[in-house]
Amino acid sequence: MNNKKKDTEEVRLMKGNEAIAHAAIRCGCDGYFGYPITPQSEIMETLMELEPWNTTGMVVLQAESETASINMVYGGAGCGKKSMTSSSSPGVSLMQEGISYLAGAELPAVIVNVMRGGPGLGTIQPSQADYFQTVKGGGHGDYKMITLAPASVQEMADHTVMAFDLAFKYLTPVMILADGVIGQMMEKVVLPPFQPRLTEEEIKIKCPWATLGKPANRKPNYIYSLQLEAEEMEDLNLRLQSRYRTIEKNEVLFEEFDCEDAEYLIVAFGTSARVCQKAVEMARAQGIKAGLLRPITLFPFPTEQISHYANQTKGMLTVEMSAGQMVEDVRLAVNGRVPVEFYGRMGGIVPSPDDVFEALKKLIVK
Amino acid sequence: MTTNDIINPANLVYAKPSVLNDVPMHYCPGCTHGVIHKLIGEIIGEMGFQEKTIGIAPVGCAVFAYKYLDIDWQQAAHGRAPALATAVKRLLPDRLVFTYQGDGDLAAIGTAETIHACNRGENIAIIFINNGIYGMTGGQMAPTTLHGMKSSTSPNGRTVPLNGYPLDITKLLAQLDGTCYVTRQSAHTVASVRKTKKAIQKAFENSMLGKGTSIVEVVSTCNSGWKLSPADSNTWMVENMFPAYPLGDLKDI
Amino acid sequence: MAKVKGAIVVNVERCKGCNLCVVACPSKVLLLNNEANSKGYNYSYMADPDSCVGCSACAYVCPDACITVYRVKL
């Protein structure tokens, strides 16, 4: 949430959605495939305005549907190309088939979900109600998706770069799970430095599995997720699960505010975490030792860190713009040692710091 | 001269193309898929394009196409092959990119992807196997199933009130400005196999020339699904499929 | 006497006995064997090799690419 960057770097003012577009071009993204939906349309609009095909050679294409977009991402990813799409909740629902296939085919890809309220067509107002869909697997089959939860425009840019790095490191789809507030609000941002797109020779070394055309001296590369033999299917399942355990071990990210001596811990991500940071300040001003833990990765979840605070605190409050989804993972981490309460708003309503502070006093500090 | 004298590499006139792998194909005896795979293997070999080709396999009987042709392949979700091909061709514009799809894949679940790839004029070739039935899942009705034709989900024959009309999607695709070559062929005789080979070769050449989307529909048999012998299936196809899906070029610019 | 003479070799294990080559052969050279291959298919063979002219019709229509054709001009 802090924009601590060197004074020498150029500071720009832009929307979170725009920051993703700029960061994608700068980090050497090869292809963006998308379909318009509020509140994330500025991502594709910005790309179309910047025309990166004239500079870096990046392909930008407006597809006929989210189904087509995610499958274009699959096609690009299968060639070892840095491929991404973005959408908002109803569109991401439509992409679930493709996400499952990406996971099954072990392909690197970046998907941005700028969440809005649901279910159904819902509302264009911000929401965090796609947590379950994202971290519990919205598509079919046993898979997980690394999930980054930006809480600032700066993180929208930074997470775009990081998402591609993680996707290629672990050969898995990576979700940037933002919400309508982060997508639409304007903040200061320092954009990442330009990295050239990989050449085909570089891709051949980095992604020997990529379908770039079969030279005489290698076997053909196949991108597929079909395993008709039960043992082969289980082999893939085990390989994926082992990779997920490695991800859980190595890639957990979170941020803490005033947690060292906290007696009451708030857990919140994204926009909710920004609100909760203010609520913690209000609590501290009244002598209540509150702290905030903000998961940056939702999968892998900061289970260990939350478990650690279960030994030190008297209670926890999870705040989300949903009916309460992440709270289940907080409770699993706490495992009954301290009360874990929930406060949330739905329908596209962002809770105020006062609301959160009242909830903290009412639910936890009894 | 004895047979053994004739069987000599110097006298060779026809052999399995090297691009077609040695592994046996899983297709039923007499299935048209095998002929088309063989033709694709011949063409890629003759064009010298093995290193430059990326095939997109569908869901359906041809889901295992990647096992049979010695090129790089991506296997798509059901109906999504044209979306994959779009991205692959745009990211690798100097490659030959083709999809291989059945009628259920291309004309039912993937209709949107097919039409929009064609309408954008993606520089890809689409090989469309139309046998009027879902073969892989056990002979269910497809959008291309003929009036009165029996399938496992139209056991008393397809009727318009219940199932609507057979979909001539190739005719529809020929109307789109993005397509440059739309043709309907078959592979049941020597002459038709030769014509289909020429058609697929032209479609591949168009892909490399950037002329737009080419579609080669091959009216095919599914003798298992049709519950006929391979030879009787060919006869049935000529008598019943060809009137509904007449052979020839629908567009060539 | 024919001006050309041909012969075919059937990849017995690849052949599925679909009979399309038998039907396609204009010289009635081919039949399905009473013997079956390891998969139980009655594979095709030259029942009348003397009549083969190496026209390749059988190979063109073969869905399993299991026929290799040779031809000599006499």
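Here the structure is a predicted model, which is why all the values come from computation and not from measurement.

A. Fine view of the environment of Cys-15 of chain C. Residue and element names in this part refer to chain C. Its location among the elements puts Cys-15 in the loop between β1 (4-10) and α1 (20-24). When its relative accessible area of 6% is taken as the criterion, Cys-15 is described as buried. Sequence-distant contacts of Cys-15, defined by excluding residues within four places in its chain, comprise Val-10, Asn-37, Tyr-41, Tyr-43, Ser-44 and Cys-66.

B. Quick peek at the packing of aromatic side chains. Overall, the coordinates contain 11 aromatic pairs over all chains when judged by the stated rule. Note on Trp-226 of chain B and Trp-236 of chain B: the rings are 4.8 Å apart at their centroids and 55 degrees apart in plane angle, and the pair reads as tilted. One end of the pair, Trp-226 of chain B, is in helix α10 (residues 223-226); the other, Trp-236 of chain B, is in helix α11 (residues 230-244), with 10 residues separating them in the sequence. Residue classification places Trp-236 of chain B among the partly exposed positions, given a relative accessible area of 25%. Three or more aromatic residues joined by ring pairs make a cluster, and in this case those are Tyr-222 and Tyr-224 of chain A together with Phe-64 and Tyr-66 of chain B.

C. Fine view of the packing of helix α4 (residues 81-91) of chain B against helix α6 (residues 111-120) of chain B. Residues and elements named next belong to chain B. At a minimum axis separation of 8 Å, α4 and α6 run at an interaxial angle of 30 degrees. With respect to α6, the axis of α4 lies roughly parallel. Mapping the contact onto sequence places Pro-82, Ala-83, Thr-86 and Arg-90 in α4 and Glu-113, Thr-114, Ala-117 and Arg-120 in α6. Its residues assigned to classes, the contact of α4 with α6 comprises three nonpolar, two polar and three charged.

D. Structural view of the confidence of the model for chain C. When the pLDDT values of chain C are averaged, the result is 95; 97% of them are 70 or greater. Between the elements of chain C, mean pLDDT differs from a low of 96, seen in β1 of chain C, to a high of 98, seen in α1 of chain C.

E. Focus on the interface of chain B and chain A. Taken together, the contact pairs 32 residues of chain B with 37 residues of chain A. Overall, the association of chain B and chain A removes approximately 2800 Å² of surface from exposure, summing both partners, and the carbon and sulfur fraction of that is 60%. Applying the counting rule to chain B against chain A returns five salt bridges. Among the salt bridges present, the one from Glu-200 of chain A reaches Arg-95 of chain B, with a minimum N-O distance of 2.5 Å. On the surface where chain B and chain A come into contact, there are 15 residue pairs in polar contact (both at pLDDT 80 or more). Contributing elements (two or more residues each) for the side of chain B that touches chain A: β2 (53-57), α3 (65-68), β3 (72-75), α4 and α6 of chain B. When residues in the side of chain B that touches chain A are grouped by element, the largest group, seven residues, is from α4 of chain B. A class-by-class count of the residues in the side of chain B that touches chain A yields 15 nonpolar, seven polar and 10 charged. Two strands pair when backbone bridges link them, and strand β9 (residues 222-223) of chain A and β3 of chain B are joined in this way by two bridges, in the parallel orientation. Paired with Tyr-222 of chain A across the two strands is Trp-73 of chain B, which belongs to β3 of chain B.

F. How the structure looks around the interface of chain C and chain B. Contact residues are listed per partner, giving 31 residues for chain C and 35 residues for chain B. Of the roughly 2600 Å² buried where chain C meets chain B, counting both sides, 67% is carbon and sulfur surface. Contact with chain B buries area across many residues of chain C, yet Arg-14, Tyr-60 and Tyr-70 of chain C alone supply 27% of it, more than any other trio. Linking chain C with chain B are zero salt bridges, by the criterion used here. At the junction of chain C and chain B, the tally comes to 12 residue pairs in polar contact (both at pLDDT 80 or more). Only β1, α1, α2 (57-61) and β4 (67-73) of chain C provide two or more residues apiece to the side of chain C that touches chain B. Here the residues of the side of chain C that touches chain B are counted per class, giving 21 nonpolar, four polar and six charged. Relative to β4 of chain C, strand β1 (residues 12-14) of chain B runs antiparallel, the two being bridged by two bridges. By the bridge assignment for β4 of chain C, Leu-12 of chain B is matched with Tyr-70 of chain C.

G. Structural view of helix α12 (residues 303-310) of chain A. Those residues of α12 of chain A that fall on the buried side of the exposure criterion are Ile-306, Tyr-309 and Ala-310 of chain A. Down the axis of α12 of chain A, the buried set is contained in an arc of 110 degrees. They therefore lie on one face.

H. Examining the side chain of Glu-66 of chain A more closely. Residues and elements named next belong to chain A. Mapped onto the elements of the fold, Glu-66 is located in helix α3 (residues 66-78). Buried within the structure, Glu-66 lacks any salt-bridge partner; its nearest side chain of opposite charge belongs to Arg-116, at an N-O separation of 8.1 Å. If sequence neighbours within four positions are ignored, Glu-66 has contacts with Tyr-35, Pro-36, Ile-37, Ser-87, Gly-91, Leu-94 and Met-95.

I. Representation of the side chain of Thr-297 of chain A within the structure. Residues and elements named next belong to chain A. Tracing the backbone shows Thr-297 in strand β13 (residues 297-299). A relative accessible area of 1% places Thr-297 in the buried class. Of the polar contacts made by the side chain of Thr-297, one reaches the backbone nitrogen of Leu-253; its length is 2.9 Å. Here Pro-300 takes part through its backbone oxygen, which lies 2.7 Å from a polar atom of the side chain of Thr-297. Excluding its chain neighbours within four sequence positions, the residues that come into contact with Thr-297 are Thr-147, Leu-148, Glu-251, Val-252, Leu-253 and Pro-302.

J. Main features of the pairing of β2 of chain B. Residue and element names in this part refer to chain B. Across the five residues of β2, five count as buried, placing the element largely inside the fold. Burial along β2 is two-sided: Thr-53, Gly-55 and Ala-57 and Ile-54 and Ile-56, pointing in opposite directions, are all buried. Pairing of β2 with strand β4 (residues 96-102) involves four bridges; the strand directions are parallel. By the bridge assignment for β4, Ile-56 is matched with Thr-99. Looking at chain direction, β2 and β3 are connected through four bridges and run parallel. Residue Ile-54 lies in a different strand from β3, and its bridge partner there is Asp-72.

K. Local environment of a negative patch on the surface. Where like charges cluster on the molecular surface, the negative patch consists of Glu-229, Glu-231, Glu-232, Glu-234 and Asp-235 of chain A. Structurally, Glu-231 of chain A can be placed in helix α10 (residues 230-250).

L. Structural detail: helix α2 (residues 32-47) of chain B. All names here are of chain B. Its 16 residues place the ends of α2 23 Å apart at the C-alpha level, agreeing with the 22 Å of an ideal helix rising 1.5 Å per residue. Within α2, 14 of the 16 residues are buried, which leaves it mostly tucked inside the rest of the structure. Positive phi shows up at Gly-48, right after α2, with a value of about 70 degrees.

How each quantity is defined
- Residues numbered from 1 in each chain as written.
- Chains lettered and ligands numbered in written order.
- Predicted model: local features only at pLDDT ≥ 70, side-chain atom pairs only at ≥ 80, totals over all residues.
- Heavy atoms only, no water.
- Helix = DSSP H or I, 4+ residues; strand = E, 2+ residues; numbered from the N terminus.
- Buried < 20%, exposed > 50% of the residue type's maximum accessible area, 1.4 Å probe, protein only.
- Contact = heavy atoms within 4.5 Å.
- Phe/Tyr/Trp six-rings, centres within 6.5 Å; stacked < 30°, edge-to-face > 60°.
- Axes fitted to C-alpha atoms, helices over the stretch in contact; angles between N-to-C directions.
- Parallel < 35°, antiparallel > 145°, perpendicular 65-115°, else oblique.
- Nonpolar A, V, L, I, M, F, W, Y, C, P; charged D, E, K, R; others polar.
- pLDDT = per-residue confidence, 0-100.
- Buried area = accessible area lost by both parts, 1.4 Å probe.
- Salt bridge = Lys/Arg side-chain N within 4 Å of Asp/Glu carboxyl O.
- Polar contact = N/O pair within 3.5 Å; in protein donor to acceptor, adjacent residues only side chain to side chain.
- Pairing = 2+ DSSP bridges.
- Arc of directions from axis to C-beta.
- Lys, Arg positive; Asp, Glu negative; His and termini not counted.
- Patch = residues over 30% accessible without salt bridge, like charges linked within 9 Å, V, L, I, M, F, W, Y side chains within 5 Å.
- Areas by Shrake-Rupley, 256 points an atom, 1.4 Å probe, with all protein chains shown as cover.
- Charge placed at Lys NZ, Arg CZ, Asp CG, Glu CD.
- Expected span 1.5 Å × (residues − 1).

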